[in-house]
Amino acid sequence: MKKIEAIIKPFKLDEVKDALHEVGVSGITVTEAKGFGRQKGHTELYRGAEYVVDFLPKVKLEVVVPDAQADAVVEAIAGAAKTGRIGDGKIFVSDIQTALRIRTGEQDDAAI
């Protein structure tokens, strides 16, 4: 099993969710996040004073899928989240040793 974490722009969430549904993902976890990478934030002018906005709003998605589905999920997220501009985000893939559905006791692939 693989855990796929993606940090994307908030306005791309609906497109990514639809793309994941099309490749058969049945559940995702979404968290509001703030951060920056190479983008390093930006400056804004407010009432004549300039200030730096260091942390930009992002959305973090987490999905756990069988190994065979991981590449399709990564491609779906990347395709739907891409704007071609700086700050599109990142995708991380890591191994999951085990998963357990608390209600039924199902494990691993049956639990996801």
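- The protein chain has the name Nitrogen regulatory protein P-II in an unreviewed UniProt entry, where Alteraurantiacibacter buctensis is given as its organism.
- Taken verbatim from the UniProt record of the protein chain, the Subunit (unreviewed entry) comment is "Homotrimer."
- In its Sequence similarities (unreviewed entry) section, the UniProt entry covering the protein chain states "Belongs to the P(II) protein family."

1. So, helix α1 (residues 13-22)
Next up, step 1: Val-16, Ala-19 and Leu-20 are the residues of α1 that are buried. Burial along α1 is one-sided: seen end-on, the buried residues are contained in an arc of 100°. Residues of α1 that are exposed and point more than 90 degrees away from the buried face comprise Asp-14, His-21 and Glu-22.
Next up, step 2: Turning to α1, the residues buried within the fold contact β1 (2-8), β5 (56-65) and α2 (67-81).
Next up, step 3: Note on α1: the residue one or two positions beyond its end, Gly-24, has a positive phi of about 95°.

The rules behind these values
Residues numbered from 1 in each chain as written. Predicted model: local features only at pLDDT ≥ 70, side-chain atom pairs only at ≥ 80, totals over all residues. Heavy atoms only, no water. UniProt positions renumbered as here; feature names shortened; annotations may be inferred. Buried < 20%, exposed > 50% of the residue type's maximum accessible area, 1.4 Å probe, protein only. Helix = DSSP H or I, 4+ residues; strand = E, 2+ residues; numbered from the N terminus. Arc of directions from axis to C-beta. Contact = heavy atoms within 4.5 Å.

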